[in-house]
Every structure is written in structure tokens, then in C-alpha cells.
Amino acid sequence: MREHKIVVLKGDGIGPEIVDEALKVLDAAGEKFGFKMVCDERLMGGAAIDATGVPLPQETVDACKAADCVFLGAVGGPKWDSQPGSNRPEAGLLGIRSALGLYANLRPATIFKPLKSASPIKDEIIGDSMDILIVRELTGGIYFGKRGTGEENGVAFAYDTEQYSVPEIRRIAKTAFEMAMKRNKKLTSVDKANVLDSSRLWRKTVIEMSADYPEVELNHMYVDNCAMQLVRNPKQFDVIVTSNMFGDILSDEASMISGSIGMLASASLAEGKFGLYEPIHGSAPDIAGQGIANPLATILSAAMMLRYSLDEPQAASAIESAVNAALETVRTPDIYEEGFRKVSTSEMGDAVASLL
Ligand code: IPM
Ligand code: MG
């Protein structure tokens, strides 16, 4: 029997309850498709601060490096708001991205047919479907650039810097071109090249690389225009590639087009097959422990993990189909509509598992 060794980081807030549902679905998929998940549970984020004083213990990093890939719930919460920036739960997340070299963040924004009416965008704009893949650079740019605070003539200041090197741009552009080749062969590179030097280098490098992908139709868009186009005509996009900061913002915007942030999965990939998988939503501390959180984004992240890191594409597709099928009858409160059965977090997990 194939064995997949993963590190599980349940995290904070609703993290543990949604991860449990995804593990339930993974076990059911394993039974059906002939593999076994071997899970090594470790600490990250607020839970790690409480237990060890730091958001990312070295042993968590070491365990992740020894595993096939990493599965994460969500981190953070008001309990840790008073921590200094470098010791917040979010610092654990940024630290693990960097320590594991997870430079390519894939954030699909799709509309699930049964949930179409949840989208705030008009029907005539959405049509029957929307399927955008945002490829966000994840270990560079302003998140990791030179930063500091100081004081000059009694006036306090702070700065963060955006810096990208050609190799950093090339490797994320390569991921994006390759994703476009597997999809509708359309790539939009998003930058602010009318203002920023780092964006001009970004654009020049992406253009140079396009020679290797003659089948991919490449266009460029300024980030402000892209923010507007995403709601004006989202169907024009197939794959979007952009920097860490712009990708953070645009992926939240794109997720809302699909109606519920509780539905969207993500993968953060390193060189090769290694990756970290997590829902794009946060830890929602306000609803933690009530059994009302939507576990579907996490379950769909498990499907991405099976596809990109664990070579189980059939099981991945089966989970995605089961999620769509479950949405025809059962709904967690965030996506509830009249005519459906309102279910808890674990009942939703049961529904997906039983539809596999
Ligand atoms: C995300 C989040 C993180 C980010 C935060 C929590 C550090 O917003 O994954 O999009 O900004 O990257
Ligand atoms: Mg974000």
C-alpha cells in the first residue's frame, strides 16, 4: 500500500476542526484508492507560542523537511495581538514559507456551480463559470525585503522595500507559464511597471521567458487596472502571475467573486513536488469550537495536495467531485440557502467522505 507521510499543522481558531474533517476525507479517499496517510502533528502559530514561546519551533521546520508535504489549517487570533511583529502567529507562517522555499503560491478562484447565486457579481458577467488561477510569488518582494524603523529630527519613520532578482522572477514565471499550458494557455502578468523599477524588471523578465512558451498568449496589466477588471470582467482571466504583495490583495478580491471565502483552497510549492496546502481563509476565532465552520476549503486543499505533491490525481478529482455533489444537498451556515439541509462542520465532512 502506498504511504504518504505528511506533517499536519492544525493551527488556531477553527484550524483544528476543519483539518479534522479534511483528514477524515483523506482517509476515506485512501481506502478507496489504495493509499494510507501517515500524519505527524506539529505546532505552528498561536498554538506554538502558547506551548513553546515562539510561532515556528525549529522541530516543526525539521519535521516538515522530512515529510512528503505539509497540511495546514489556519493560524492567528486576537489572543496573540499583543505579541511583537516578529513573534506573531503570522510570523510563523511567513517563516515556514521561507524556510521550506515555498515560492509558488497557487490560488484558484472558481465558482462552484451549485453556489453560483452566492457570488456578488451579476449573472450576466459571471456566465456559467469562472476559473482563474492566481500564481503569487511567496518568498520575496516587500514581505521579505529590507525593512526598518527609525527617527530623524524627532520624527519617527518606517520603511519596507520591494526587491526582486531575475532568478526569483524567472522561477515564478516558469510555474505560471507551465500552469497556463495545462489550462487555457492565457497568462496575465500583473505589475506596476508605470511606477516601480522592480515591476519593470518583472515585466522585462516575463517577456523574455515568453519566447519559451510560444503557445501561451501573454498580456500585462497594471495592478490597479487588474483589481478593476476582476470585477468588471473576470472571465477574461485564465492564469494571473504577480508579486507577493499584489497577489495577497488580488487573491482576496478574486475569492470574493466566487461567493464564499470558505470554499477556496491553496497550494504553496517549492522546487520539485514538495508543498504546503491550506485554505485561503483565516482562523476565524469568532466562530471557533461551535461546529459551524465550513471545512470545504480545507478539504479542497487536501485534493490539491493529492494532485501536486502525492501523485494521487484520481483521488484528488474524486474529492473535488464529492464536494460538488455534497453542495447539492447540504450546506454549512456560511453558504446556507433555503431548500438545503443545514449541517455542522463534521456533518459536512461526513457528507463528502460518504460521496467518495
Ligand atoms: C495570506 C495571508 C498572509 C499573507 C498573512 C496572514 C501573513 O494574508 O496568506 O494571504 O499576507 O501572506
Ligand atoms: Mg492574504
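K.L.:
In this structure, what is going on with the overall build of the protein? I would like to understand it.
P.N.:
Summing up its helical and strand segments, the protein has twelve helices and 14 strands in all. Computed over C-alpha atoms, the radius of gyration of the protein comes to 20 Å, within 12% of the 21 Å expected from 2.2 N^0.38 for 356 residues, which places it in the range of a compact globule. Each principal axis of the C-alpha distribution contributes one length, and for the protein these read about 60 × 50 × 40 Å. Counting only residues that meet the buried cut, the protein has 52% of its 356 residues in that class. Only carbon and sulfur atoms are counted for the fraction: they give 51% of the accessible area of the protein, which is about 15,300 Å². Of the charged side chains in the protein, 36 are positive and 49 negative, and the gap between their average positions amounts to 4 Å.

K.L.:
What is the right way to read the side chain of Ser-243 from this model?
P.N.:
Along the chain, Ser-243 turns up in the loop between strand E10 (239–242) and helix H9 (244–257). Ser-243 gets classed as buried once you look at its relative accessible area, which sits at 3%.

K.L.:
Would you mind going over the pairing of strand E6 (residues 147–152) with me for this structure?
P.N.:
In summary, the side chains of a regular strand alternate between the two faces of the sheet. Of the pairings in the sheet, the one linking E6 to strand E7 (residues 155–160) comprises six bridges and is antiparallel in character. The residue bridging Gly-148 from the neighbouring strand is Tyr-159, located in E7. The hairpin turn running from E6 into E7, its antiparallel successor, is two residues long, and Asn-153 in that turn takes a positive phi close to 50 degrees.

K.L.:
Explain the domain arrangement of the protein here, please?
P.N.:
Buried accessible area, meaning the area lost when the parts come together, often serves as the stated size of an interface. Splitting the protein by domain gives domain 1 (1–106 + 263–356) and domain 2 (120–257). Averaged C-alpha coordinates put domain 1 and domain 2 at centres separated by 25 Å. Listed as interface residues are 13 residues of domain 1 and, on the opposing side, 15 residues of domain 2. Summing both partners gives a buried area of about 1,300 Å² for domain 1 against domain 2, and 70% of it is carried by carbon and sulfur. For domain 1, the biggest contributors to the area lost against domain 2 are Tyr-103, Asn-105 and Leu-106; these three give 47% of the whole. Here domain 1 and domain 2 share zero salt bridges between them.

K.L.:
Any chance you could explain the pairing of strand E2 (residues 35–42) here in plain terms?
P.N.:
Where strand E1 (residues 2–11) meets E2, eight bridges bridge the pair, whose relative direction is parallel. Looking at E2, one finds that Val-8 is bridged to Glu-41. Crossover connection from E1 via helix H1 (residues 15–33) to parallel E2: handedness right-handed.

K.L.:
What should I look at first to understand unusual backbone geometry in this one?
P.N.:
Glycine aside, a negative phi is what most residues show, and trans is what most peptide bonds show. Unusually for a residue other than glycine, Lys-185 sits at a positive phi of about 60 degrees. In this structure, Ala-284 takes a positive phi of about 35 degrees despite not being glycine. Within the fold, Ala-284 resides in the loop between strand E12 (275–279) and helix H10 (296–308).

K.L.:
Please clarify how the site of ligand 1 should be interpreted in this entry.
P.N.:
The environment of ligand 1 is made up of Glu-90, Arg-97, Arg-107, Arg-136, Tyr-143 and Asp-248. Separating an oxygen atom of ligand 1 from a side-chain N or O atom of Arg-136 is a distance of 2.9 Å. Spatially, ligand 1 is embedded in the second largest pocket. For the shell around ligand 1, the class distribution of residues is one nonpolar, no polar and five charged.

K.L.:
What should I look at first to understand the layout of surface pockets in this one?
P.N.:
Summary: where empty space remains is shown by rolling a probe the size of a single water molecule over the atoms. In this model, the largest pocket occupies a volume close to 480 Å³. Considering the residues around the largest pocket, the lining is formed by 17 residues, among which Pro-108, Thr-110, Arg-183, Arg-307 and Glu-320 are closest to the centre. A class-by-class count of the residues in the lining of the largest pocket yields ten nonpolar, two polar and five charged. A domain split of the lining of the largest pocket shows at least three residues from each of domain 1 (1–106 + 263–356) and domain 2 (120–257). For the second largest pocket, the calculated volume is near 380 Å³. Lining the second largest pocket are 19 residues; nearest its centre among them are Leu-93, Arg-97, Arg-107, Glu-278 and Ile-280. The leading source of residues in the lining of the second largest pocket is helix H4 (residues 89–99), at four residues.

Scoring rules and cut-offs
Residues numbered from 1 in each chain as written. Chains lettered and ligands numbered in written order. Predicted model: local features only at pLDDT ≥ 70, side-chain atom pairs only at ≥ 80, totals over all residues. Heavy atoms only, no water. Helix = DSSP H or I, 4+ residues; strand = E, 2+ residues; numbered from the N terminus. Rg over C-alpha atoms; globule rule 2.2 N^0.38 Å. Buried < 20%, exposed > 50% of the residue type's maximum accessible area, 1.4 Å probe, protein only. Areas by Shrake-Rupley, 256 points an atom, 1.4 Å probe, with all protein chains shown as cover. Lys, Arg positive; Asp, Glu negative; His and termini not counted. Charge placed at Lys NZ, Arg CZ, Asp CG, Glu CD. Pairing = 2+ DSSP bridges. Domains from an automatic or database assignment. Contact = heavy atoms within 4.5 Å. Buried area = accessible area lost by both parts, 1.4 Å probe. Salt bridge = Lys/Arg side-chain N within 4 Å of Asp/Glu carboxyl O. Right-handed = clockwise from strand over helix to strand, strands pointing away. Near = heavy atom within 4 Å. Polar contact = N/O pair within 3.5 Å; in protein donor to acceptor, adjacent residues only side chain to side chain. 1 Å grid on protein atoms, 1.4 Å probe; cavity = no way out; pocket = protein on both sides within 12 Å on 5 of 7 lines; lining within 4 Å. Sits in = over half its atoms within 2 Å of the grid points. Nonpolar A, V, L, I, M, F, W, Y, C, P; charged D, E, K, R; others polar. Points joined across faces, edges and corners; volume = space filled by probe spheres on them.

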